[in-house]
Amino acid sequence: MLGDEIVGRINQLGTISEAAEHLARVFLSAEHRIAADLLMSWMEDAGMAAHLDGIGNVCGRYEGNRPGLPCLMLGSHYDTVRDAGKWDGPLGVITAIACVADLNRRGVRLPFAVEVVGFADEEGVRFSSTLLGSRAIAGTFDEAVLDARDASGVSMREAMAQFGFDPVRIGTAARKRSELHAYVELHIEQGPVLEQRNLPVGVVTAIAGATRLAVSLSGLAGHAGTVPMALRRDALAGAAECIVAVEQFCGDDDAGLVGTVGAITAMPGATNVIPGRVSFTLDVRAPTDDHRRLAVAGIVRQIEAIGKRRELSLQVDITHENRTVPCASWLKAQVAEAVAAEGYAVFELPSGAGHDGMAMIDVADVAMLFVRCRGGISHNPAEHVASADADAGACVLLRFIENFRPLPSS
Ligand SMILES: [Zn+2]
């Protein structure tokens with residue numbers, strides 16, 4: 001049973017933290033180094049050659065039936081958010097190592113190499129820039145980020161030097177498309193859908209793109225006691241109507257559209273003053289770019305109509321947009337085959353959360369396997385995966401690896 005060993009290692013890695021009270025392991029910290037050393041020792045025990053690349057990713061390589069073959073790359077990240085759970089990221093790295101260890105124990109060599117990568121930074125906690133590890137491997141690392149500073153004023157350039165790394169060497173982490181057959185990541189779902197379906201694993205269709213907007217509505221501030229209701233231009237009441245409209249618009253969609261207003265500020269923000277100006281954020285995600293763009297346009301039209309009817313002036317700005325990353329159909333089909341062969345119903349779902357595949361798509365075709373997590377809770381110490389589900393994920397991944405057939409052209 002691979003699940004028990006995986007859970008044991010998740011617990012062991014989960015103790016490597018900047019604080020005893022909560023789990024936090026950020027890029028280029030002392031804990032980053034300790035965790036990297038532990039992961040590399042597990043990789044070596046599994047029969048892999050392991051090294052730390054130019055940005056701090058741990059890379060393990062298990063040769064195929066002859067040396068130097070292109071690889072099937074597996075992996076996930078081993079940095080965490082602050083007050084994190086133990087499973088987000090490490091489950092994918094530790095499971096992949098367990099699968100290779102199993103191949104190694106049985107002396108199985110495949111017609112391709114298997115590489116396992118633990119990405120140094122996916123969450124972007126320290127320098128507010130995500131996917132640093134996978135971008136370095138994909139060759140899309142943005143050097144401007146080196147000047148970003150953490151909360152204590154240390155630049156990434158300085159942090160790299162303290163870690164014993166030379167930023168000039170980040171480029172050496174980049175891989176060529178011809179070296180990779182595919183990138184496949186196992187990750188916890190971070191949502192409640194698999195639990196609701198009573199399934200241990202799910203096949204990811206795409207990593208949803210996201211559009212973030214900043215919306216502000218301006219009406220007229222006034223005295224809460226003297227301005228009659230009919231004469232008000234209350235920006236906060238208008239924003240409330242907009243928020244409900246977003247909820248209804250997305251609720252009426254049955255193709256995976258989600259929209260969230262997560263932050264709001266009202267000015268001047270006093271008990272006895274009618275709010276004159278309100279700003280709120282809007283985050284919209286969908287499994288395809290077309291779907292998301294159409295939805296954003298539809299939502300903005302509704303917000304405009306609400307503003308017009310309430311005589312509120314409106315400003316809408318797109319503050320962030322990232323593309324949808326579809327999982328390659330040939331690869332997804334092989335993951336689905338492995339799921340079915342292990343005796344589970346094949347269930348496909350989009351990933352609403354971002355993952356390293358968003359960067360890896362620039363260097364390889366991408367697929368993902370989700371594992372059920374309790375209550376769909378993630379980015380929280382209550383994050384939990386049942387040992388049996390960790391085992392199910394490992395069995396599916398191992399079967400996938402052993403039956404993997406590269407695209408003839410790759
Ligand atoms: Zn993650």
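Before any of the text, the structure's been laid out above.
Residues numbered from 1 in each chain as written. Predicted model: local features only at pLDDT ≥ 70, side-chain atom pairs only at ≥ 80, totals over all residues. Heavy atoms only, no water.

K.L.:
Would you mind going over the overall build of the protein chain with me for this structure?
P.N.:
Helix and strand counts for the protein chain come out as eleven helices and 16 strands. Here the C-alpha radius of gyration of the protein chain, 24 Å, is about what a compact globule of 410 residues would show, namely 22 Å. Seen along its three principal axes, the alpha-carbon backbone of the protein chain occupies a region of about 85 × 50 × 40 Å. For the protein chain, buried positions account for 55% of its 410 residues. (Helix = DSSP H or I, 4+ residues; strand = E, 2+ residues; numbered from the N terminus. Rg over C-alpha atoms; globule rule 2.2 N^0.38 Å. Buried < 20%, exposed > 50% of the residue type's maximum accessible area, 1.4 Å probe, protein only.)

K.L.:
Before we go on, may I ask you to explain the nonpolar core in this structure?
P.N.:
Where a protein is soluble and globular, its nonpolar side chains tend to be buried together. The biggest cluster of nonpolar side chains holds 82 residues, and the ones touching the most others in it are L91, M156, F400 and I401. Among the nonpolar cores identified, the runner-up in size contains 22 residues, and V215, A245, L282 and V284 belong to it. (Core = buried A, V, L, I, M, F, W, Y, C linked by side-chain atoms within 4.5 Å.)

K.L.:
Hey, could you run me through the layout of surface pockets in this one?
P.N.:
Over the atoms rolls a probe the size of a water molecule, and its path tells where empty space is left. Of the voids in this model, the largest pocket is the one considered here, and its volume is about 520 Å³. Together, 25 residues line the largest pocket, and T130, N322, G354, H355 and M358 are the ones closest to its centre. Put simply, the parts of the chain that give the lining of the largest pocket at least two residues each are β7 (209–218), β13 (313–322) and α10 (357–360). Taken together, the residues of the lining of the largest pocket sort by class into six nonpolar, eleven polar and eight charged. The volume enclosed by the second largest pocket comes to roughly 360 Å³. Lining the second largest pocket are 19 residues, and of these V193, P350, S351, G352 and A353 sit closest to its centre. When contributions to the lining of the second largest pocket are tallied by element, the ones reaching two or more residues are β12 (277–286) and β15 (348–351). (1 Å grid on protein atoms, 1.4 Å probe; cavity = no way out; pocket = protein on both sides within 12 Å on 5 of 7 lines; lining within 4 Å. Points joined across faces, edges and corners; volume = space filled by probe spheres on them. Nonpolar A, V, L, I, M, F, W, Y, C, P; charged D, E, K, R; others polar.)

K.L.:
Would you take a moment to explain unusual backbone geometry for this structure?
P.N.:
Peptide bonds are, in most cases, trans, and in most cases residues other than glycine have a negative phi. Cis geometry is adopted by the peptide bond preceding P268, which originates at M267 and carries an omega value of 0°. Here P268 lies in the loop between β10 (264–267) and β11 (273–274). Positive phi, normally seen in glycine, also occurs at D83, with a value near 60°. Position of D83 among the secondary structure elements: in the loop between β3 (71–77) and α3 (90–105). Here the phi dihedral of S128 falls at roughly 55°; this positive angle occurs in a residue that is not glycine. With respect to the helices, strands and loops of the structure, S128 is situated in the loop between β4 (113–119) and α4 (132–138).

K.L.:
Mind showing me how you'd approach the pairing of β3 here?
P.N.:
Residues in a regular strand project their side chains so that they alternate between the two faces of the sheet. In terms of burial, β3 is largely enclosed, as seven of its seven residues are buried. Here β3 pairs with β4 via seven bridges, running parallel. The residue bridging L74 from the neighbouring strand is V116, located in β4. Pairing geometry for β3 and strand β5 (residues 180–188), over four bridges, is parallel. Bridging from a neighbouring strand, L74 pairs with V184 of β5. (Pairing = 2+ DSSP bridges.)

K.L.:
I keep staring at the side chain of E123 and nothing clicks. Help me out?
P.N.:
Relative to the elements of secondary structure, E123 occurs in the loop between β4 and α4. The side chain of E123 is buried and forms no salt bridge, while R25, the nearest opposite charge, is found at 9.4 Å. Of note is the side chain of E123, whose polar atom sits 3.3 Å from the side chain of H379. Beyond its immediate sequence surroundings of up to four residues, E123 is in contact with H77, D79, T80, V81, D88, T130 and H379. (Lys, Arg positive; Asp, Glu negative; His and termini not counted. Salt bridge = Lys/Arg side-chain N within 4 Å of Asp/Glu carboxyl O. Polar contact = N/O pair within 3.5 Å; in protein donor to acceptor, adjacent residues only side chain to side chain. Contact = heavy atoms within 4.5 Å.)

K.L.:
Sorry if this is basic, but what is going on with the packing of aromatic side chains here?
P.N.:
Geometry of an aromatic ring pair is reported as the spacing of the ring centres plus the angle between the planes. Overall, the coordinates contain six aromatic pairs when judged by the stated rule. Ring geometry for F27 and F127: centres 6.4 Å apart, planes at 90°, overall edge-to-face. Taken together, the positions of F27 in the loop between α1 (2–13) and α2 (30–45) and F127 in the loop between β4 and α4 put the pair 100 residues apart, joining distant regions of the chain. Here F27 and F127 have matching classes, each one buried. (Phe/Tyr/Trp six-rings, centres within 6.5 Å; stacked < 30°, edge-to-face > 60°.)

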